[in-house]
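Chain by chain, the residues run as shown.
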Amino acid sequence: MNRRAFLGFGIGAGMSLGLGLGLKTAWAEPAALEVAPHPQKRTVLVVVLLRGAADGLSVVVPHGDREYYDLRRQIAIAPPGKAQSAIDLDGRFGLHPRLAPLKAAWDAGELAPIVSFGSPDPTRSHFDAQDRMELGTPRVAGKPGAHYQSGFMNRMAGALGLSDPLGAVALAANMPMILRGTAPALSLEGIEDFGLDAPAQAKSRLEAGFERLYAKAQRRSPRIGDAGQVGLKALKELRDVPARASSARYPQGALGSNLRDLARLVHGSPALRLGFIEVGGWDTHTGQGGAAGGRLARSLDELGKGLAAFREDLGDEGARVVTLVMTEFGRTAAQNGSGGTDHGHGSVALLLGGPVRGKRVLGQFPGLKSDQLYQGRDVAVTTDFRDVVAEIAQRHLSVKPSAVFPGYTPGAGVGALA
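**Q** Report on the confidence of the model for the protein chain, specifying residues and quantitative values.
**A** Any segment with low pLDDT has predicted coordinates that should not be analysed in fine detail. Across the protein chain, pLDDT averages 88, with 89% of residues at or above 70. Across residues 1-40 the pLDDT falls below 50, and counting only partners more than four positions away or on other chains, this stretch makes 104 contacts in the model.

Structure, rendered in structure tokens:
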């Protein structure tokens, strides 16, 4: 077994079963939340986490706010009608021009940006913010924090009763925090990378050997044995997921490859309910650039092309898939002296998919005047990410929000789903 496969197999599957984590939960069932109905069809949620704090004001440009151009004289995206300008959505907001591939989803009513979206946690530390977002435990002043020891997608997996290793899959080198916990989940760097690193004629013999090994381990150390059995089951099931020809043109790189693999799983694995992808490189203190070039434009170019290809590749299956794109926090409203932006607070989210009530910019944007900014410098958060996740859990997955965020009473949500 090669190293990459082993990481996904041993650590990924192992952590999903709680190895070494001493998992305990401190969940409380809030009485205010309703019991969701049993799902009639197998819907899928895909979460794409942009690690590094993406600049929400560049992803969804508030071109109708004059203050935006006052704050960003060198890196602002021009208003619609000019060269390299924002793609107008509703007269006030527009997409970054590198996200043009997503305009078709908007026109089809399958894309809904959410402005002033994020975590209420005041931290500007990437690691703290990502961990707390993935666990679903933001710190909020004056309110007792929850103490979950599992990621919120793992709690979804538990509430869905997933037992198949392909039920919850992360395309990642290691099991991300968002899927760690007691419910089975799998992390892998790619479908084709997951397997035994051995000559073809020896693989079946090695698999049989591993089965005997983990069967023995199960008697002595059930968690290790279980992890091994989960990995072997995943190995067999992934082998049966058929490769498929697609005309969708994914961008080069990990994002395109991972989205292609997820589309293949949606088509070929009826077990899949939860998918996760992470994308780094969004920390743009320097060289952020504007519409024509710079680090952010390159990242958005890849993101837009990747999500558009994913939508095309899903085809009719897209009617049962919701994709949520989010980031740990936003960036400062004003540019800095290095042509970039620094760690901020509120950002944006993108919701895509057939079930999305799109062609609307959702959320309440308070504005960019100094007295409208969070701590006088950042976009305020008016939509808590937990409220949107809870809405997806209940309306799309038919999972009680209390199972995803025990002890938290979600707000009304944004009405994102049909």
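**Q** Help me get a handle on the sheet that holds strand β5 (residues 111-118), residues and values and all.
**A** On the basis of which strands lie adjacent, the open sheet formed by 8 strands has the order β7-β6-β8-β1-β9-β10-β5-β11 and mixed pairing. The sheet is open, and its two edges are formed by β7 (186-188) and β11 (383-384), each paired on a single side.

**Q** Can you lay out empty space enclosed by the protein for me, pointing to particular residues and giving the numbers?
**A** Summed over the entire model, instances satisfying the criterion amount to 3 cavities of 30 Å³ or more. Together, Leu-50, Ala-54, Val-59, Leu-303, Val-325, Met-326, Ser-347, Val-348, Ala-349 and Leu-350 line the largest cavity. Elements supplying a minimum of two residues to the lining of the largest cavity: β9 (321-327) and β10 (347-352). The computed volume of the second largest cavity comes to approximately 50 Å³. Considering the residues around the second largest cavity, the lining is formed by Gly-56, Leu-57, Val-60, Val-115, Ser-116, Gly-346, Ser-347, Val-348, Phe-365 and Val-379. Contributions of two or more residues to the lining of the second largest cavity are made by α2 (56-59), β5 and β10.

**Q** Which residues make up the environment of Ala-170, and what values go with them?
**A** You can see Ala-170 is positioned in strand β6 (residues 168-171). The spatial distance from the C-alpha of Ala-170 to the C-alpha of Val-47 is 9.4 Å, given a sequence separation of 123 residues. Not counting chain neighbours up to four residues away, the residues in contact with Ala-170 comprise Pro-176, Leu-179, Leu-186, Ser-187, Leu-188 and Phe-276.

Cut-offs and rules
Residues numbered from 1 in each chain as written. Predicted model: local features only at pLDDT ≥ 70, side-chain atom pairs only at ≥ 80, totals over all residues. Heavy atoms only, no water. pLDDT = per-residue confidence, 0-100. Contact = heavy atoms within 4.5 Å. Pairing = 2+ DSSP bridges. Helix = DSSP H or I, 4+ residues; strand = E, 2+ residues; numbered from the N terminus. 1 Å grid on protein atoms, 1.4 Å probe; cavity = no way out; pocket = protein on both sides within 12 Å on 5 of 7 lines; lining within 4 Å. Points joined across faces, edges and corners; volume = space filled by probe spheres on them.

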